[in-house]
Amino acid sequence: MFGLEKPAGQQKPGRSGGFLNMASVGDFNVLSSSIPATKVELSVSCRNLLDRDTFSKSDPICVLYTQAIGNKEWREFGRTEVIDNTLNPDFVRKFIMDYFFEERENLRFDFYDVDSKSPNLSKHDFLGQMFCTLGEIVGSQGSRLEKSIVGIPGKKCGTVIVTAEELGCCRDSVLMQFCANKLDKKDFFGKSDPFLVFHRSNEDGSFTICHKTEVVKNTLNPVWQAFKISVRALCNGDYDRTIKVEVYDWDRDGSHDFIGEFTTSYRELSRGQSQFNVYEVINPKKKGKKKKYVNSGTVTLLSFLIETEVSFLDYIKGGTQINFTVAIDFTASNGNPSQPTSLHYMNPYQLNAYGMALKAVGEIIQDYDSDKMFPALGFGARLPPDGRVSHEFALNGNPQNPYCHGIDGVMEAYYRSLKSVQLYGPTNFAPVINHVARYAASVKDGSQYFVLLIITDGVISDMAQTKESIVNASKLPMSIIIVGVGPAEFDAMEELDGDVVRISSRGKFAERDIVQFVPFRDYIDRSGNHVLSMARLAKDVLAEIPEQFLSYMRVRGIKPSPAPPPYTPPIHVLQTQI
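Conventions adopted
Residues numbered from 1 in each chain as written. Predicted model: local features only at pLDDT ≥ 70, side-chain atom pairs only at ≥ 80, totals over all residues. Heavy atoms only, no water. Helix = DSSP H or I, 4+ residues; strand = E, 2+ residues; numbered from the N terminus. Buried < 20%, exposed > 50% of the residue type's maximum accessible area, 1.4 Å probe, protein only. Core = buried A, V, L, I, M, F, W, Y, C linked by side-chain atoms within 4.5 Å. Domains from an automatic or database assignment. Pairing = 2+ DSSP bridges. pLDDT = per-residue confidence, 0-100. Contact = heavy atoms within 4.5 Å. Expected span 1.5 Å × (residues − 1). Polar contact = N/O pair within 3.5 Å; in protein donor to acceptor, adjacent residues only side chain to side chain.

1. Quick notes on unusual backbone geometry
Residue Pro384 is joined to Pro385 through a cis peptide bond whose omega torsion reads 0°. One can find Pro385 in the loop between strand E19 (381-383) and strand E20 (388-390). Omega for the bond connecting Gly425 with Pro426 falls within 30 degrees of zero, at -5°, which places this linkage in the cis form. Summarising the element assignment, Pro426 is placed in the loop between strand E23 (422-423) and helix H8 (430-441). Phi is positive for Asn85, close to 60°, though the residue is something other than glycine. When you line up the elements, Asn85 lands in the loop between strand E3 (74-79) and strand E4 (95-99). With relative accessibility at 10%, the residue Asn85 sits in the buried group.

2. Let's talk about the nonpolar core
Of all hydrophobic cores here, the largest spans 88 residues; its most connected members are Leu42, Phe109, Phe111, Ile137, Phe330, Val483 and Leu542. Both of domain 1 (38-167) and domain 3 (332-556) provide at least three residues apiece to this core. The next biggest cluster of nonpolar side chains, apart from the first, holds 32 residues, and it includes Ala180, Val197, Phe227 and Leu301.

3. Some remarks on the pairing of strand E9 (residues 172-181)
With seven of ten residues buried, E9 is to be regarded as a mostly interior element. As judged from the four bridges shared by E9 and strand E12 (residues 227-230), these two strands associate in the antiparallel manner. Paired with Met176 across the bridge in E12 is Phe227.

4. Points about the confidence of the model for the chain
Model confidence for the chain is summarised by a mean pLDDT of 87, while 91% of its residues fall at 70 or above. Counting contacts from residues 1-34, a segment whose pLDDT is below 50, to residues more than four positions away or on other chains yields 71 contacts.

5. A closer look at helix H6 (residues 353-365)
The end-to-end C-alpha distance of H6, which contains 13 residues, comes to 19 Å, matching closely the 18 Å that a straight helix rising 1.5 Å per residue would cover. Most of H6 is tucked away: eleven of the 13 residues are buried. For H6, the full list of buried residues reads Ala353, Tyr354, Gly355, Met356, Ala357, Leu358, Ala360, Val361, Gly362, Ile364 and Ile365. Contacts made by the buried residues of H6 are with strand E17 (321-329), helix H7 (406-420), strand E24 (448-456), strand E25 (478-484) and helix H11 (530-542). Where H6 begins, one side-chain oxygen reaches toward the backbone nitrogen of Tyr354, 3.1 Å away; that side chain belongs to Asn352.

Take a look at the structure:
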């Protein structure tokens, strides 16, 4: 039917969480569960559409398509309503989409003039289309993208305006506290040691664990500490979705005893402390066996407080620009670029590993940089004419202006450099990190954030200096992504990543974790589908950037700038067909 829209909570397959729904309680790690993305609402308006009706104006509809990663197939996502008799529609029905910074979501908006009740689009007149990415809309000034409609040769098809708005429920967190009374006694010698486990329900009826309280020892009437959880994690922003809470008695050997369970929803919990939020804990097995069974105790909500957090998108909408710099390893260990065994081999038919990593990350980040000019640097080569070794040279040959236009410009400069410089060594990272840090140090007001992508084949030669550079850079608005290509051992890189042990230099620890390292070989798709390996790589290396970005803003107390006032399209009198 026309205008059928995907329900707001619908998840893409495979995104339910970082573990099986039946994960045992003992091995739950809150950090490993993937929280659903924030959601954005897209509003669509058009100006000066083609007029396809003879006696009146067109009756437009907008159909949105999304593209699956890796297989280029377009799938219909949803349709707006039809607006009669106008060339300047402001569609009322919105598209609600999951937003992941680290994924490239290709979109296609098709416009039709509706001539009958048929849902079959081939029965209606095509008015043109517009292609973009979700990141392009979000990254535009005020998250408002205006683009020409194309698709009918020789005709001006008008323009489309798409605005993105983050849904409010996605940035809320709640602070909740629970207590329990008269829980079943499970321990032979003492009372129970109870804790609660919260699960959100998924579209398919399964459950995903989303929070576990601490254990309160030796009591049947525990009061748990208040805890904070995002509304996204608790119910994916769907206030009526079932939340299942299980009560367990903790055992040292990990075989925790099930006391009972109850279900609720965000809407019920939001009533706060009241008779509605006292829950009977039911053990289905006991209930089935014992006729006189009443319950296994009660759990009571003591407090419920909603807190709204500023999000990554608030800063982007307020005009913060993300500046992207790339640094490429030109050391001799990569092998002679004219030989097929070289990591820098210029195969006319497919990208080498350097090209793939650069394109995968760059094509997503470029949507958040308005001028699309990217500094591109090389390190570890001898430069013409005199053969001096440089660890920070401009790929375009212009040290005063190392900027290249777009990711394609960076690729071009990279291929040109391979023909003119001599691969040499050693592998020093500190100079390129310090290069970006100099720029980042000059704008600490939150208006700009810098991301440096280093692509390297290997073993680092200036470890002490690099660690010092990273510790200094951790105070600045910047993040570093390192992609290791080739078969080398990358143990030193894991140390720089700082996920296990925070990096330090001369006794000083990094203020925050700003480095993300991944080996490219982990992402190579066995079937040879490079689009898929590039999408996987980008997803992993970029997933930490929004949180690193927010940690800088929080530490510095920087609030997002107010977004520009929303665009209000000129009002047109709507005429209805007679």
